[in-house]
Amino acid sequence: MIKKSSNVLLEVIDIAKEFDVSKPWLNRVIERQERQILKAVDGVSFTINRGETLSLVGESGCGKSTVARLVCGLYKPSRGSIIFDSVNMADAGADEVQQLRKRFQMIFQDPYASLNPRWRVGKIIAEPLRVHKIATSNADVKQRVDKLLTQVGLSPLDAEKFPHEFSGGQRQRISIARALSSNPEFLVCDEPTSALDVSVQAQILNLMKDLQREFGLTYLFISHNLAVVSHISTRVGVMYLGRLVEVADTKRIFANPQHPYTQMLQSAIPDLKMTGKQRTPVAGEVPNPLTPPTGCAFHPRCPHAFERCKTERPNLIDYEDGGQVACHAVEEKRINIRVAA
Amino acid sequence: MSSTPAVPLLQVKNLRIEFPTRRGNLTAVDDISFDIAAGEVLGVVGESGAGKSLTGAAVIGLLEPPGRIANGEILLAGRRIDNLPFEELRKIRGREIGAIFQDPLTSLNPLYTIGRQIIETIETHLDLTHAQARARAIELLNEVGIPAADRRIDHYPHQFSGGMRQRVVISLALAANPKLIIADEPTTALDVSIQAQIITLIKKLCREHGTAVMLVTHDMGVIAETADRVAVMYAGRIAEIGPVAEVIHSPQHPYTIGLMGAIPSVGDAHERLAQIDGSMPRLSAIPKGCAFNPRCTRVNDVPNHRCTTERPELLPAGKTKAACWLHVSAAAQTDKQAVTA
Ligand SMILES: Nc1ncnc2c1ncn2[C@@H]1O[C@H](COP(=O)(O)OP(=O)(O)OP(=O)(O)O)[C@@H](O)[C@H]1O
Ligand SMILES: Nc1ncnc2c1ncn2[C@@H]1O[C@H](COP(=O)(O)OP(=O)(O)O)[C@@H](O)[C@H]1O
Ligand code: SF4
Ligand code: SF4
Ligand SMILES: [Mg+2]
Ligand SMILES: [Mg+2]
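Values in this document were obtained by computation on a predicted structure and should not be read as measured data.

Cut-offs and rules
Residues numbered from 1 in each chain as written. Chains lettered and ligands numbered in written order. Predicted model: local features only at pLDDT ≥ 70, side-chain atom pairs only at ≥ 80, totals over all residues. Heavy atoms only, no water. Helix = DSSP H or I, 4+ residues; strand = E, 2+ residues; numbered from the N terminus. Rg over C-alpha atoms; globule rule 2.2 N^0.38 Å. Buried < 20%, exposed > 50% of the residue type's maximum accessible area, 1.4 Å probe, protein only. Contact = heavy atoms within 4.5 Å. Areas by Shrake-Rupley, 256 points an atom, 1.4 Å probe, with all protein chains shown as cover. Lys, Arg positive; Asp, Glu negative; His and termini not counted. Charge placed at Lys NZ, Arg CZ, Asp CG, Glu CD. Core = buried A, V, L, I, M, F, W, Y, C linked by side-chain atoms within 4.5 Å. Domains from an automatic or database assignment. Buried area = accessible area lost by both parts, 1.4 Å probe. Salt bridge = Lys/Arg side-chain N within 4 Å of Asp/Glu carboxyl O. Nonpolar A, V, L, I, M, F, W, Y, C, P; charged D, E, K, R; others polar. Axes fitted to C-alpha atoms, helices over the stretch in contact; angles between N-to-C directions. Parallel < 35°, antiparallel > 145°, perpendicular 65-115°, else oblique. Left-handed = near helix turned anticlockwise from the far one by under 90°. Expected span 1.5 Å × (residues − 1). Phe/Tyr/Trp six-rings, centres within 6.5 Å; stacked < 30°, edge-to-face > 60°. Lys NZ or Arg CZ within 6 Å of the ring centre and 35° of its normal. Pairing = 2+ DSSP bridges. Near = heavy atom within 4 Å. Polar contact = N/O pair within 3.5 Å; in protein donor to acceptor, adjacent residues only side chain to side chain.

Caption draft 1: Geometry of the overall build of chain B. Helices and strands together make up the secondary structure of chain B, namely 13 helices and 12 strands. For 341 residues, the compact-globule formula gives about 20 Å, and the C-alpha radius of gyration of chain B, at 22 Å, lands near that figure. When its C-alpha atoms are laid out on the principal axes, chain B stretches across 75 × 50 × 45 Å. The 341 residues of chain B split such that 52% are buried. Residue pairs in contact within chain B that sit at least 24 positions apart in sequence constitute 63% of those at least 6 positions apart. Carbon and sulfur atoms form 53% of the exposed surface of chain B, whose accessible area is close to 15200 Å². Between the mean site of the 35 positive side-chain charges and the mean site of the 36 negative ones, chain B shows a separation of 3 Å.

Caption draft 2: How the structure looks around the environment of A148 of chain B. Following the sequence through the fold, A148 of chain B ends up in the loop between helix 5 (130-143) and helix 6 (149-152). Each C-alpha atom, one on A148 of chain B and one on I138 of chain B, is 9.2 Å from the other, the two residues being 10 residues apart in sequence.

Caption draft 3: Here's a closer look at the nonpolar core. One finds F34, I118 and L180 of chain B to be the most contacted residues of the largest nonpolar core, which totals 96 residues. Inspection of this core shows a minimum of three residues originating in each of domain 1 (1-96 + 178-249) and domain 2 (108-176) of chain B. Setting aside chain neighbours within four positions, we find I118 of chain B in contact with A137, L140, L141, V168, S171, L172 and A175 of chain B. One finds L196, M208 and V228 of chain A together with L273 of chain B within the second-largest nonpolar core, a separate group that totals 38 residues.

Caption draft 4: Quick look at the interface of chain B and chain A. Taken together, the contact between chain B and chain A spans 48 residues of the former and 41 residues of the latter. With both sides pooled, the region where chain B packs onto chain A buries about 3400 Å², and carbon together with sulfur makes up 53% of that total. Linking chain B with chain A are 1 salt bridge. For the side of chain B that touches chain A, the elements supplying multiple residues, two or more each, are helix 7 (162-174), helix 8 (192-209), helix 9 (220-226), helix 10 (244-249) and helix 11 (254-262) of chain B. Sort the elements by how many residues they give to the side of chain B that touches chain A and helix 8 of chain B lands first, with 9 residues. Per-class residue counts for the side of chain B that touches chain A are 20 nonpolar, 17 polar and 11 charged.

Caption draft 5: Structural view of the packing of helix 4 (residues 121-131) of chain A against helix 5 (residues 138-151) of chain A. All names here are of chain A. Interaxial distance between helix 4 and helix 5 falls to 10 Å at its minimum, and their mutual angle equals 115 degrees. The angle between helix 4 and helix 5 falls in the class roughly perpendicular. Our pair here, helix 4 against helix 5, has a crossing hand that is right-handed. Between helix 4 and helix 5, the contacting residues are V121, G122, I125, A126, L129 and R130 on the first element and N138, V141, R144, V145, L148 and L149 on the second. Looking at the contact of helix 4 with helix 5 residue by residue, the class counts come to 8 nonpolar, 2 polar and 2 charged.

Caption draft 6: View of helix 4 (residues 114-125) of chain B. All names here are of chain B. Over its 12 residues, helix 4 runs 17 Å from end to end, which matches the ideal 16 Å to within 8%, given 1.5 Å per residue. Looking only at helix 4, the buried set comprises I114, G115, Q117, I118, I119, I122 and H125. Turning to helix 4, the residues buried within the fold contact helix 2 (86-95), helix 5, helix 6 and helix 7.

Caption draft 7: Representation of the packing of aromatic side chains within the structure. Across all of its chains, the model carries 10 aromatic pairs over all chains by this definition. Centre to centre, the rings of F84 of chain A and F186 of chain A are 6.0 Å apart; their planes meet at 40 degrees, and the pair counts as tilted. Residue F84 of chain A is found in strand 4 (residues 79-84), and its partner F186 of chain A is found in strand 7 (residues 186-190); the two are separated by 102 residues along the sequence. This pair shows no difference in class: F84 of chain A is buried, exactly as F186 of chain A is. Here the aromatic residues F84, F104 and F186 of chain A are joined through ring pairs into a cluster of three or more. Between the NZ or CZ atom of R69 of chain A and the centre of the ring of Y75 of chain A, over which it lies, the distance is 5.6 Å. The ring of W325 of chain B has R306 of chain B sitting right over it, with the charged end atom 4.0 Å from the ring centre.

Caption draft 8: Representation of the sheet that holds strand 8 (residues 212-216) of chain B in the model. Residues and elements named next belong to chain B. Taking strand neighbours across the sheet as the criterion, the 8 strands line up as 6-7-8-3-9-10-12-11 in an open arrangement whose pairing is mixed. The open sheet has two free edges, formed respectively by strand 6 (97-100) and strand 11 (315-317), since each of these has just one partner strand. Here the average twist between neighbouring strands, direction ignored, is 20 degrees. In this structure, strand 9 (residues 229-234) lies alongside strand 10 (residues 237-243), joined through 6 bridges in antiparallel fashion. From the neighbouring strand, M233 faces strand 10, where its bridge partner is I238.

Caption draft 9: Inspection of the pattern of salt bridges at higher detail. Residue and element names in this part refer to chain A. Counted by the stated rule, this structure contains 35 salt bridges over all chains. In this structure, D210 and R213 form a salt bridge, with 3.6 Å as the shortest nitrogen-oxygen distance. In this pair, D210 and R213 are both assigned in helix 7 (residues 198-215), 3 residues apart and thus about one turn of the helix distant. With relative accessibility at 25%, the residue D210 sits in the partly exposed group. Overlapping salt bridges, with partners in common, bring together R308, E312, E331, E332 and R334 in one network.

Caption draft 10: Representation of the site of ligand 1 within the structure. All names here are of chain A. Close to ligand 1 lie 13 residues; S60, G61, K64, S65 and T66 are nearest. In the environment of ligand 1, an oxygen atom lies 3.3 Å from a nitrogen or oxygen atom belonging to the backbone of C62. G63 places a polar main-chain atom, nitrogen or oxygen, 2.9 Å from an oxygen atom of ligand 1. Look at ligand 1: alone it shows 630 Å² of surface, and the protein chains cover 66% of it. Those elements giving two or more residues to the shell around ligand 1 turn out to be strand 2 (37-49) and helix 2 (64-71).

See the structure below:
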């Protein structure tokens, strides 16, 4: 199903992450409770080509950040493999992992919490340079830091300042400069603009696109803002309760969503153009991940659900235009395929 | 003024909010005026720090010291409320003005059932027996779309999901049938799907109860769908105010124009978003003249360096009002030239 090609930078195969959220052993015994396992991510597969942006979208708690953390090695997967540039991370030796780590970096939502408040900006940006021994002499380091600051639209003079002296958008620029300092090819961005105002968000999104064009960067982009995602991505993956339900080219997924959940999300997008389109409020809410519904996890909210949906879990199947959809109704051609306007 | 037959429900006149500090007074909200009519939704947008929340807090009398109203008047149905003693203001709050804040958890007491909290609010403000108050609480929960309200009323806040908690907060704000609701970022913490539910609810209330709403948010999509008029705030001032469709489709203030261009929308084909360079000034360094002048690309289109010397008042501009010298009539512009020449 997944085509091997040198163009693929990241390949994620059936990864899962389970968290043990049980009460302490004694409480469990007294209260006669079972061990509680939360499946935050449950069998997710995707590939990202070099120079491309894959975005993951979905409602709060669906597992987006957990996927990002798994990809970055911040969590150990409970199952599945992560293959970066043809190397399976699980099989790589410590040295090899260290070499690979240098090639990917992560940017987080809160640009303040992720910067050490007691360090000057210059030191913050230089840290990966020193850790990965990319530049060692002070002169080299300074030269590179100055260049990075300029690249993200700040001034070399800012190296002497502390994070609190900057606005939210400027702090996010500092995180980007730090992430870029080890010359990574791959950036994992978890809600990088969600804490920012639209005007600042525009500055950061433009910067990310400029850097991608200039350095051929590859992004895994996480956001719950569908407009941002439609602006930045090449392809989009929609997640629901720890699983991918649809993956497709950005243009297609918004113009012609196939999965009933994607259709629901799409019609819930606020209409800024004020065409008079009524937002269809999505009925119901994301179920408790501790007790996910059987079969297709979306079936309690799905207007197209039928018997099969309650018992059998749908897998992603290839869809005619290169996308993938996990839905029995789509597979059985029970729902009318909407045609792009 | 006194000849106008119907007084707007809320009138804010020349409101100024200051914070005394060791280095002098910081002016966070600087001489703003606006009205809201019964049944009308006024959207208030602007970057973080623009003064939106402070304005809302001043109206409900919840400005936290040392913040204080340094100038201006706030009138509810023609009656001045900004100078009332604490006890009287407390009666108005809840009874005549309801509040909805961003984080539903901080507005609910985790130790009491939601029913107890709603019933207490009803009993404080309305002359009803306990049984009547309980019946009304169930009715309110039904109205905001909590299924099985007669059972859910005895549940604790943590037993509800985020979207449901926000609906409970709304029912609490509505408990005494207030004439005005101040909603500060009521949907910001919620997913698009749930956001649509809350917006639909707010609109229904205005329609059915003639409630006036001041809706503070930085999300233009929410404003586009909900508001009748919108005020755009920048650095503690109103930059532009007018009917929502006009402000969105033909903004007149250079800041609003930039803001509208910065918003990504699904399906836009633009490679780059419009970007306003720089950031909003700090309160301690608001530039002289127009607060937007360091970031404005139109400064040179206004004669006599007026942008950097003289503060623009709201002027009629297209179908809105904008605080920008570009909109002073050509005649007035020449007059000024003649005077200074
Ligand atoms: N360390 C952890 N221990 C236990 N449960 C966790 C942990 N991290 C995440 N979870 C749970 O796993 C699920 C997925 O969480 P995740 O943070 O990936 O969601 P998300 O899609 O990023 O949501 P959001 O949009 O709110 O950031 C949630 O139910 C969450 O409560
Ligand atoms: N307690 C305070 N002390 C000093 N400044 C404050 C205080 N509260 C708010 N401000 C300042 O007032 C300005 C407006 O704040 P606010 O109304 O909260 O903005 P927003 O538009 O984001 O809601 C900001 O610059 C903020 O930093
Ligand atoms: S599999 Fe069934 S329940 Fe799931 S999305 Fe498709 S139709 Fe709906
Ligand atoms: S008054 Fe001058 S600086 Fe201010 S917005 Fe208008 S043109 Fe720009
Ligand atoms: Mg997350
Ligand atoms: Mg605020």
